[in-house]
Amino acid sequence: MSLKSIAPGIVLALLAVAAPAMASDYQLLFLLQLLMMIALAQSWNLISGMTGYVSLGHTAFFGVGAYAGALLLQWGFPWWLAIFKGAGIALLVAAPLGVLTLRLRGPYFAIAMLGLNEIGRLVATLWVDLTQGGDGIPLSPARLPTLLQNYYTMLTLAVLATSLIAWVRYNRLGLELRAIREDEEAAEMVGVNTTRNKVIAFALSAVIPGAAGAVYAFYTSYIDPVSVFAPALNIQMIVMVLLGGSGTVWGPVIGAVLVRTLHELTWAQFPALHLALLGVLIVAIVLFLPKGILSLAPWRRRVRPDRAPGSP
Amino acid sequence: MTAAALLEVRDVHRDFGGVHALSGVTLQVARGRITGMIGPNGSGKTTLFQVVSGIDRGATGQVFLDGEPILGLRPSQIYQRGLARTFQLSRVFPQLTVLENLMVAGHRHDRAVRERAIGLLEKVGLREYSAVAGSDLSYGQQRLVEFLRVLMSDPALILLDEPAAGVNPTLRNTLWDMVRHLNGQGTTFFVIEHDMGVIADLCDDVYVLSEGQVIAHGDFETVRGNDTVLAAYFGKTAAHRGTEND
Amino acid sequence: MTEPLLTINKLDAAYGPVQVLFGVDMEVYRGEIVAIIGPNGAGKSTVIKAVVGLLKSRSGQIVFDGRDIIRLPAHAVPRLGIGYVPQGRIVFSHMTVTDNLEMGAFLIKDREQRRRSVDAVFAQFPRLHERRQQAAGSLSGGEQQMLAIGRAMMLDPQLIILDEPSLGLSPKYVEQIFEQLEELKAQGRTLLMVEQNAARALTLSDRGYVLELGRNRFHDTGRALLADKAVRELYLGGR
Amino acid sequence: PAQTKEIVVGTSVALTGKYARTGQEQLNGFQLWVEDVNRRGGLLGRKVRLAYYDDESKPDTGAKLYEKLITGDKVDLLIGPYSSGVTLAASTVAEKHRFPIISAGASSSKIWARGYKNVFGLYTPATTYMDQILALAKEKGLKRVALIHADTAFPRDVARGVEASAKRLGLELVFKEEYGKASTDFAAMILKIKALKPDVVVGGSYLPDSTAFMRQAREYQLYAKIFAFAVGPGLPDFGPNLGAIAEGVMGNSQWEPTLNLPGVKTFAKQYEQRYGHVPGYHAAGGYGAGQVLEAAVKMTRSFDRDKLRRALLKLDTTTAFGRYKVDATGMQLGKPGYTVQWIGGSRHVILPPSVAARKTTYPFKPWDKR
Amino acid sequence: MHLLEPVLLLQFLVSGLLAGALYALLACGLNLVFGVMRVINLAHAELMLAGAFLTYVLYAWAGIHPLLAFFLVLPALFGAGFYLQRLVVERVVGKGELQSLLLTYGLSIILINTGLLIFASDFKAIPELQGALIVGDIAISKPRTAAALLAIALTLGVYHFLKHARLGKAIRAVAEHPDVAMLCGIDVVRMRMFTFGLAAAMAGAAGVMLTMIYSFSPETGADFILKCFAIIIIGGMGNFIGALYGGLLLGVAEIFVAGFVSSQWAEAVAYVLLILILLIRPTGLKGAADVT
Ligand SMILES: Nc1ncnc2c1ncn2[C@@H]1O[C@H](COP(=O)(O)OP(=O)(O)OP(=O)(O)O)[C@@H](O)[C@H]1O
Ligand SMILES: Nc1ncnc2c1ncn2[C@@H]1O[C@H](COP(=O)(O)OP(=O)(O)OP(=O)(O)O)[C@@H](O)[C@H]1O
Ligand SMILES: [Mg+2]
Ligand SMILES: [Mg+2]
């Protein structure tokens, strides 16, 4: 990884650090949500973009993090500790689940994850003594972190998630994960410890949504099972990753920025239509840009040999 | 004999539903030699490789690599112990480049590994294809990449499942030369091949499988003279024509 | 000489942005066996895919029986009398042998007529008849290859195109397959095949083409190519 | 005339997502109020403008929008969003900025249990929804009550209210079960209830579940003297969707256009002229929220937030939506709920008697006599 | 306890099977599309709703009884599916699960929001064919029975068609090796159009029946599609008839859990069953062996 390749990232990050100085609270909230989507999209990218294990239930970890964060805050933990622990709990939940579900392949894994998310939602609904069930948990403003604190936490998460992807991408782990994506058995056969790698990727990809969920609970101040275990949120992550370019470092960032900005610009004007338009956009991307926006980049053209193998 | 055997298979059984793909296979691959395995289509050769390499973990019996039992281990663990193999239907990673395809198989991730990969590609004239995606190779090219992949980690034992099928005759010679060369340096090979010329040339020792059982064993000439083998494998005419490719 | 059954004229073909065939010319006459050989990646399979319509991006002329078929979609090709045996014994493995053959005769709407075609193929391959109710996936390699050939013959094609018919077959089956091919020729059918078992293929063939890097390299009778020193060294692995 | 700067009233509306339908009606109500108030000369002589955004029926979007309204648009007055969930999130933002907010479409008592000082309710709290019906049951000498409810915040509130009231009235709660949002089949529940032979079946429910329940109640011949559901029977679709099965089913309403209250008729007529359909309670709630703001501004003669907060706490006024009078936490106490019943294919207010348009049909007609 | 009375158990079983049959009808179509072109159609439930709304429109505007509307809705949905495949879905066939997932998600939100623009988010239903037949002590819901009979007839019909008809076999051939099928003279694109049309028609049929069983809005699809996913996993992905068993199993399991545990847990049944089955048999109960 050269300096040149991370330079745009550093510039972006610095801009984001400086943003609160010039943005209104509302703009800050917009940025906060954007950063959250970047963090989530990158975590999805880590497991699904890299290894090809398409998770339709990554919101399960978001939900777990949100509930853990909210409850810990209520029990008197300081907010930052609640976020840490929220992420930790997401990790603790993810690791064993990963061991179990990552044995499944293709659509089986995808749908099992969807099922896990639903089970998460049901647990949050049914475990009334802990979670207050479908009533949801309203958080008392006295204990909540400020907007600025939330913002910088989310920024840290987004940067962390993106760096993680960058690090993995240009690392042996990344190569191995991509080999798993292409052909898991063959990867095993060239010495890749697929189970270990997958579980590592899966666990890492669960930590960030866990932490992001906690921050979400804090800036929204109210969570209920339906709003945090939301399959639609998961689909948004997928849209952003694929739009930008799955398995790439900057693709999900570009995708998130594009979708959120477009949403912000159109939604107030055409409330009923903009969702249908989002649908049209998604269809158009799949049909005309199946490899994402980054695939348009000129340096990604394929190389072609002009000599046959074995020819003298 | 046992001491010299690098790979030892003892009474291995494998059923698929009602099909007995392997029924009590016992064989040994001697250290430092090239052992061949022939047999009609569907006789269980590939299945044996699947079992030995840990991909297929539904078999019973015993398999020893260098005296250590390996049945039940994961493929990656077996690979770490020095056994590498190719697949009969090539399994290149379609969206990794040719170079990445080889580098994945290196134990490390550094310049030396990279250079070794490039060197191997050079040998079969695929160097120019380093940056081409695996899926964009022709059938034969994919076979070659897969063959090179097993050479990336200096394995002690290499299992080859018809590595030359679909490879053009000139390159086949290169491929077999590489096998011979590595064997000269001490690598042990266990090869499935339908080309009798190659088996006759290369193999010190040949096993014949039929319907999941070893029906003959010995050097090529002995095996070829065996009536059961004649009937099961060569068919009447071919037996007398001997090798095919000369 | 009479008109060729198949003429390939200045064929260019590409996978996406990458061109792999450059002005390939070929002719196949009625009743002939023609072999295409060449190094890996030379474009042999690509020529075949272009002829049968599996490759969309192609230009030039492919004239079959007096008609340019280069713009024809793949599913319209069998109707013309071209049968295709794909590389790697591809059969519909979850279907029975009979159903596989029936698929080959998909274009025949009449059930009775379809049955007659199936019976004709069974007559040619008694082995398949024995296993007619078995799932194709459970056949041995050689049997699967026969099934693929049988399937390609269901519409009684004039031209049969085969991509590496002997690939991965044990000697006994290789023998059987080549015998079958000879028999087909004896029946007056025309065959175009790609083979890496080049020496063997050229022995059987009337004529052969050598492709390299997507271009015509040599072209002669099978015998002459076998005898040619350069060809032997470069492509047949002779030393 | 000296002050020409317009007064901006901010709100978020559910224009998309699960509350889209109700959101649109509520918005119509807001807009009608803005037109009216401007016709009356505005607020303290200044013209009123509505600033609103679509909150997509989502709490986090709602929270973001109130931040935008307060810090970005710098609105002068705030009206709350629709639904308890979005209100819970939005009110925290308002509380943070110490900005009083009239909640126009939320009835969960949780909102007022948090000690916030800036949320003021308009809707009758969900916990009191079934009180009139349970009182009716008591009056008729009924004893056994079966309660079912969905598992989200609002129905759970309704259920809590039913439990408390049943206890207070000495009714016996013989069955209570919660169900999930995707429940389409109530057969098991109905069979269990049937075995218990209840006199009253009460549901904390929405429209699809209450209609599915009644359909299957008919199929399995579940009989009770009173069937009553939250939300479902209060909506115009309930009758057409169920046909004859709807006959006699009771429900609640925050408001009805036929209510015998001052201002209701005028509003209903005006609304129908403007939008081409009879207003539902969401529309009236929107209009009423505006009127409460109007009254509070009139009382304080300023837009000062602290003064407004005090005024909203003290205010006792009657709008087209009904009476507004809150307790110390800001929860609405002044407005009773209304009970409706489907009679002869349309919905009528039957309770409380003071505003009733029709007499209660009692008991529920047995299935085999229909 | 009274729950263990044989009559009640039988009633549970009957009701569960009736509920399950409707799931099965929807799930079979979903599985057919997956089996033939490896496309996970997230818009499948919206196709069902399209059928339901069409039925509703015919009923509300022209007074056509849903059971008659059936004969109009089925061909309409078949046609819609047929051309939807041609215009968009075809282009993601063979491009991997993600692409098709995303595409059909796009389609589903287009459909939902167009529905919202036209019909708003009101809940509709049609009060026809209400009530139940009472046989002995068992109540048999009329609309649900009609739906179940239809579901089973359609599913078995399509199954028979796939297994024995020339076209049906061609569809299976396309599922396995499209290229080779093409060179058997099978117009692969057309077969896929036909398949998608068939699946859409099955979804439409479920929609017709839905109008008399439940209340629906353009957003109701989500409640069903998740369960359908669970069902096709339980029955084996791509295994057409497996979805029938899966649907029936789920219907019965749900009602027994609702009866003996609680209704809230009934919702979890689908997912718990799904996870359990995947842990025991990572490819579903029947495995994907018997494609379509
Ligand atoms: N996964 C499987 N499921 C069911 N049957 C299998 C499976 N793998 C192999 N078989 C069966 O086991 C038998 C042995 O197959 P195997 O592939 O080992 O033969 P082979 O000797 O390698 O043949 P070939 O020379 O054609 O490659 C065959 O009958 C085959 O159909
Ligand atoms: N699907 C594909 N996408 C992109 N490029 C391809 C594809 N298939 C083949 N190629 C390229 O086209 C060229 C010709 O391939 P083709 O398969 O025709 O070779 P071939 O002569 O049949 O070789 P072989 O003997 O190895 O089968 C090769 O360079 C290969 O890399
Ligand atoms: Mg084999
Ligand atoms: Mg080829």
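Remember, it's a predicted structure, so these values are computed and weren't measured experimentally. (Residues numbered from 1 in each chain as written. Chains lettered and ligands numbered in written order. Predicted model: local features only at pLDDT ≥ 70, side-chain atom pairs only at ≥ 80, totals over all residues. Heavy atoms only, no water.)

**Q** Before we go on, may I ask you to explain the overall build of chain B in this structure?
**A** Each helix and strand in chain B was counted, giving 9 helices and 10 strands. Taking 246 residues into account, the globule formula puts the C-alpha radius of gyration at 18 Å, and chain B, at 18 Å, falls close to it. Dimensions of chain B, computed from C-alpha atoms along their principal axes, come out at roughly 50 × 40 × 35 Å. Each of the 246 residues in chain B was classed as buried or not, and the buried ones make up 61%. Sequence-distant contacts in chain B: of pairs separated by 6 or more residues, those separated by 24 or more amount to 65%. Counting every atom, chain B has about 9200 Å² of accessible surface; 48% of that belongs to carbon and sulfur. If the 23 positive side-chain charges of chain B are averaged to one point and the 28 negative ones to another, these points end up 5 Å apart. (Helix = DSSP H or I, 4+ residues; strand = E, 2+ residues; numbered from the N terminus. Rg over C-alpha atoms; globule rule 2.2 N^0.38 Å. Buried < 20%, exposed > 50% of the residue type's maximum accessible area, 1.4 Å probe, protein only. Contact = heavy atoms within 4.5 Å. Areas by Shrake-Rupley, 256 points an atom, 1.4 Å probe, with all protein chains shown as cover. Lys, Arg positive; Asp, Glu negative; His and termini not counted. Charge placed at Lys NZ, Arg CZ, Asp CG, Glu CD.)

**Q** How should I be thinking about the sheet that holds strand E4 (residues 60-65) of chain B in this particular structure?
**A** Whether parallel or antiparallel, the strands of a sheet pair through hydrogen bonds between backbone atoms. Read from one edge to the other, the open sheet built from 4 strands follows the order E2-E1-E4-E5 (chain B), with strand pairing classed as antiparallel. If you trace the sheet from one side to the other, it starts and ends with strand E2 (19-30) and strand E5 (68-69) of chain B, each paired once. (Pairing = 2+ DSSP bridges.)

**Q** Is there a simple way to explain the site of ligand 2 in this structure?
**A** As a matter of local geometry, ligand 2 sits amid 20 residues, with Asp136, Ser138 and Gly140 of chain B together with Ser45 and Thr46 of chain C nearest to it. Bordering ligand 2 are residues originating from chains A, B and C. Starting from 630 Å² of accessible surface for ligand 2 in isolation, the protein chains cover 90%. Contributions of two or more residues to the shell around ligand 2 are made by helix H5 (139-149) of chain B together with helix H1 (44-52) of chain C. Residue classes in the shell around ligand 2 are distributed as 7 nonpolar, 9 polar and 4 charged. (Near = heavy atom within 4 Å. Nonpolar A, V, L, I, M, F, W, Y, C, P; charged D, E, K, R; others polar.)

**Q** Explain the coordination of the magnesium ion (ligand 3) here, please?
**A** Angles between donor atoms at a metal ideally measure 109.5 degrees for a four-coordinate tetrahedral arrangement and either 90 or 180 degrees for a six-coordinate octahedral one. Residue and element names in this part refer to chain B. Only Thr46 (OG1) and Gln88 (OE1) from the protein coordinate the magnesium ion (ligand 3), and they sit 1.8 to 2.1 Å from it. Here Thr46 is found in helix H1 (residues 45-52), whereas its partner Gln88 is found in the loop between strand E6 (83-85) and helix H3 (98-103), with 42 residues between them in sequence. Judged by relative accessible area, Gln88 falls into the partly exposed class, the value being 21%. (Donors = N, O, S within 2.8 Å, 3.2 Å for Na, K, Ca; no water.)

**Q** Would you take a moment to explain the site of ligand 1 for this structure?
**A** Residues in contact with ligand 1 amount to 15 residues; listed here are only the nearest, Asn41, Gly42, Thr46, Thr47 and Gln88 of chain B. Neighbouring residues of ligand 1 are distributed over chains B and C. Contact distances for ligand 1 include 3.1 Å between an oxygen atom and a backbone N or O atom of Ser43 of chain B. One of the side-chain nitrogen or oxygen atoms of Thr47 of chain B is found 2.5 Å away from an oxygen atom of ligand 1. Protein chains shield 68% of the accessible area of ligand 1, which is 630 Å² for the free molecule. At the level of secondary structure, the elements contributing two or more residues to the shell around ligand 1 comprise E2 and H1 of chain B. No other element matches H1 of chain B, which puts 3 residues into the shell around ligand 1. Taken together, the residues of the shell around ligand 1 sort by class into 4 nonpolar, 8 polar and 3 charged. (Polar contact = N/O pair within 3.5 Å; in protein donor to acceptor, adjacent residues only side chain to side chain.)

**Q** How should I be thinking about the nonpolar core in this particular structure?
**A** Generally speaking, nonpolar side chains in soluble globular proteins are found buried as a group. The biggest cluster of nonpolar side chains holds 377 residues, and the ones touching the most others in it are Leu7 and Phe190 of chain B, Phe213, Met214 and Phe227 of chain D together with Ile186 of chain E. Ranked by the residues each element gives to this core, the list is headed by helix H1 (residues 6-37) of chain E, at 17 residues. Discounting chain neighbours no more than four positions away, the residues touching Met214 of chain D are Phe227, Phe229, Phe238, Leu242, Ile245, Val249, Phe364 and Trp367 of chain D. Of all hydrophobic cores here, the second largest spans 49 residues; its members include Trp33, Val34, Val264 and Leu315 of chain D. (Core = buried A, V, L, I, M, F, W, Y, C linked by side-chain atoms within 4.5 Å.)

**Q** How do you make sense of the arrangement of the chains when you look at a structure like this?
**A** Chain B shows no contact with chain D. Their nearest C-alpha atoms sit 39 Å apart. Taking C-alpha atoms as the reference, chain C and chain D come no closer than 38 Å and do not contact one another.

**Q** For this particular structure, what's the right way to read the interface of chain A and chain E?
**A** Reports of interface size often rely on the accessible area that becomes lost once the parts have come together. Between chain A and chain E, the contact holds 37 residues from the first and 38 residues from the second. For the pair chain A and chain E, the summed buried surface comes to about 3500 Å²; carbon and sulfur atoms form 81% of the total. The interface formed by chain A and chain E includes 1 salt bridge. We note a salt bridge from Arg121 of chain A to Glu267 of chain E, for which the minimum N-O separation is 3.1 Å. Taken together, the links from chain A to chain E amount to 4 residue pairs in polar contact (both at pLDDT 80 or more). Taken together, the elements giving at least two residues each to the side of chain A that touches chain E come down to helix H5 (106-126), helix H12 (231-244) and helix H14 (271-288) of chain A. (Buried area = accessible area lost by both parts, 1.4 Å probe. Salt bridge = Lys/Arg side-chain N within 4 Å of Asp/Glu carboxyl O.)

**Q** Please explain the interface of chain A and chain B as it appears in this structure.
**A** The interface of chain A with chain B comprises 28 residues on the first partner and 34 residues on the second. Of the roughly 2900 Å² buried at the junction of chain A and chain B (both faces included), carbon and sulfur atoms supply 57%. In this structure, the connection of chain A to chain B is made through 4 salt bridges. Arg91 of chain B is the partner of Glu185 of chain A in a salt bridge, and the nearest nitrogen-oxygen pair spans 3.1 Å. Here chain A and chain B share 12 residue pairs in polar contact (both at pLDDT 80 or more) between them. Secondary structure elements with two or more residues in the side of chain A that touches chain B: helix H8 (172-182), helix H9 (184-189) and helix H10 (194-220) of chain A. Looking at the side of chain A that touches chain B residue by residue, the class counts come to 11 nonpolar, 6 polar and 11 charged.

**Q** Explain the confidence of the model for chain B here, please?
**A** Any segment with low pLDDT has predicted coordinates that should not be analysed in fine detail. Residue and element names in this part refer to chain B. Confidence in the prediction of chain B, expressed as mean pLDDT, is 87, and 94% of residues score 70 or more. Within chain B, no element has a lower average pLDDT than helix H9 (residues 227-241), which sits at 65, and none a higher one than strand E8 (residues 188-192), at 95. Within the model, pLDDT remains below 50 along residues 237-246, and this stretch shows 21 contacts once partners closer than five positions in the same chain are excluded. (pLDDT = per-residue confidence, 0-100.)

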